[in-house]
Amino acid sequence: MKKKIIATFSIVGADPKTGELGVAVQSKFLGVGSVVPWAKAGVGAVATQAFANPAYGPDGLKYLSQGLSAKETVDRLIKEDEGYADRQVGIVDANGQAATYTGEGCYDWAGGITGRHYAAQGNILMNKETVTEMGRAFEACEGSLSDRLLYGLKAAQEAGGDKRGKQSAALYVVKDKGGYSGLSDVFVDLRVDDHPEPIQELERIYQLQQLYFGGTDPNDVTELSGNLKHEVIYDLHRLGYLKTEKPVDQEFHEAVTTFLHTENFEEREQKKGYIDLKVVEFLKQMQKA
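Below you will find a few notes about this structure. (Residues numbered from 1 in each chain as written. Predicted model: local features only at pLDDT ≥ 70, side-chain atom pairs only at ≥ 80, totals over all residues. Heavy atoms only, no water.)

Another aspect to go through is the nonpolar core. If you look at the biggest cluster of nonpolar residues, it comprises 24 residues, and the most contacted ones within it are Phe 9, Ile 11, Met 134, Leu 149, Leu 171 and Leu 202. Residues Leu 228, Val 256, Phe 265 and Met 286 belong to the second largest nonpolar core, which totals 21 residues. (Core = buried A, V, L, I, M, F, W, Y, C linked by side-chain atoms within 4.5 Å. Buried < 20%, exposed > 50% of the residue type's maximum accessible area, 1.4 Å probe, protein only.)

Read across the open sheet, the 4 strands follow the order S3-S4-S5-S6; overall the sheet is antiparallel. The open sheet has two edge strands, strand S3 (37-40) and strand S6 (98-102), and neither has a second partner. The average undirected angle you get between the axes of adjacent strands in this sheet is 10°. Pairing between strand S5 (residues 87-93) and S6: 5 bridges, direction antiparallel. Within S6, the residue paired with Gln 88 across the bridge is Thr 102. (Pairing = 2+ DSSP bridges. Helix = DSSP H or I, 4+ residues; strand = E, 2+ residues; numbered from the N terminus. Axes fitted to C-alpha atoms, helices over the stretch in contact; angles between N-to-C directions.)

Let us look at the packing of aromatic side chains. Here the structure, examined in full by the defined rule, presents 9 aromatic pairs. Pairing Tyr 241 with Phe 259 gives two aromatic rings, centres 5.6 Å apart and planes at 85°, and the pair type is edge-to-face. Placement of the pair is Tyr 241 in the loop between helix H6 (226-238) and helix H7 (249-262) and Phe 259 in helix H7, with a sequence separation of 18 residues. Look at Tyr 241 and you get partly exposed, because its relative accessible area is 22%. Members of the aromatic cluster, connected to one another through ring pairs, are Tyr 180, Tyr 212, Phe 213, Tyr 241, Phe 259, Phe 265 and Phe 282. Directly above the ring of Phe 138 sits Arg 148, whose terminal nitrogen or CZ lies 4.1 Å from the centroid. Its end group placed over the ring of Phe 187, Lys 175 keeps NZ or CZ at 5.4 Å from the ring centre. (Phe/Tyr/Trp six-rings, centres within 6.5 Å; stacked < 30°, edge-to-face > 60°. Lys NZ or Arg CZ within 6 Å of the ring centre and 35° of its normal.)

Here we come to the sheet that holds strand S2 (residues 20-27). Strand order in the open sheet formed by 6 strands is S7-S8-S1-S2-S9-S10, and the pairing between neighbours is antiparallel. Whereas interior strands pair on both sides, the edge strands pair on one side only; in this sheet they are strand S7 (111-115) and strand S10 (186-192). Pairs of neighbouring strands in the sheet enclose a mean axial angle of 5°, with direction left out of account. Relative to strand S8 (residues 118-122), S7 runs antiparallel, the two being bridged by 5 bridges. Paired with Gly 111 across the two strands is Gly 122, which belongs to S8. Against the sheet, helix H3 (residues 129-140) engages strand S1 (8-15), S7 and S8, with an angle of about 155° to S8. Along the sheet, helix H5 (residues 198-213) makes contact with S1, S2, strand S9 (168-174) and S10, crossing S10 at roughly 145°. (Contact = heavy atoms within 4.5 Å.)

The first and last C-alpha atoms of H6 sit 19 Å apart over 13 residues, in line with the 18 Å expected at 1.5 Å per residue. Taken together, the buried residues of H6 touch strand S11 (221-223), H7, strand S12 (274-276) and helix H8 (277-285). Looking at the residues trailing H6, positive phi occurs at Gly 240, about 90°. (Expected span 1.5 Å × (residues − 1).)

What follows is about the pattern of salt bridges. A full pass over the atoms with the stated rule returns 14 salt bridges. Note that Glu 80 is salt-bridged to Arg 76, the shortest N-O span being 2.7 Å. By relative accessible area, which is 44% here, Glu 80 ends up partly exposed. Of the charged contacts in the structure, one is a salt bridge between Glu 201 and Arg 204, with a shortest N-O distance of 2.8 Å. Remark: Arg 204 and Glu 201 occur in helix H5; sequence separation between them is 3 residues, near one turn of the helix. Judged by relative accessible area, which is 18%, Glu 201 ranks as buried. (Salt bridge = Lys/Arg side-chain N within 4 Å of Asp/Glu carboxyl O.)

Within the secondary structure, Val 23 is located in strand S2. Measuring from C-alpha to C-alpha, the distance between Val 23 and Gly 13 comes to 6.4 Å, with 10 residues separating the pair along the chain. Ignoring any residue separated from it by four or fewer positions in sequence, one finds Val 23 in contact with Ile 11, Val 12, Pro 37, Trp 38, Ala 45, Val 46, Ala 47, Leu 149, Ala 170, Leu 171 and Tyr 172.

As structure tokens, then:
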């Protein structure tokens with residue numbers, strides 16, 4: 001079977017302060033998120049690409065967990081792989097130490113850089129700037145690790161991107177007990193498997209992920225009264241959650257609760273008589289099914 005080259009640019013990053021570790025990637029390859037990104041909370045993150053060896057993911061994380069540095073882990077992976085000349089890999093450990101490797105058999109432009117808490121790399125790229133701008137943007141962004149990884153990915157595309165085009169993208173970030181209800185370490189796991197603008201689509205669903213699962217800003221919590229209450233009643237009635245635009249208080253609050261639970265906003269649910277303004281904004285933009 002002919003090998004499929006993953007013409008890709010990716011960035012692996014760490015935030016030692018929050019414990020977050022992750023990978024962002026874009027490629028002219030179907031479902032790149034199923035192959036390139038690997039990460040384990042408290043250990044590190046790995047991106048394996050070019051004529052990718054998927055074993056670099058779990059093996060790299062294993063070596064990091066055994067105490068090898070990012071550079072030592074890269075060296076170990078290459079030493080054990082007969083096809084090392086065709087591989088590309090980026091690794092960051094939990095302390096933010098990073099390493100990147102590009103085999104001499106990778107197609108131009110191919111290469112990588114490391115910086116503070118990240119490694120950026122790519123192959124079959126339009127230019128070197130695709131990688132250097134990815135790193136520069138990551139360093140310049142002041143948001144969360146996910147924000148910084150996405151910002152780097154967008155900058156890479158704007159600087160040139162993949163020579164073969166665009167198809168898929170992924171964002172994978174882990175954090176100790178950072179997953180749903182604190183029951184897993186998977187903090188963000190989003191994939192766009194086939195799309196004409198995969199990075200834009202990835203950013204769109206990331207914003208939805210933040211809306212559904214991100215914490216409420218205390219400044220967004222407000223009392224459900226006055227004009228705001230009338231506006232919410234109007235939209236709940238418009239969407240079928242209320243039978244009348246003049247409900248009694250109990251009907252109103254039950255309708256608010258039903259809406260929140262139907263739309264999976266349990267994480268943004270407030271005490272009776274209060275609401276998250278992000279939820280109100282979402283409600284206003286909803287169309288009746």
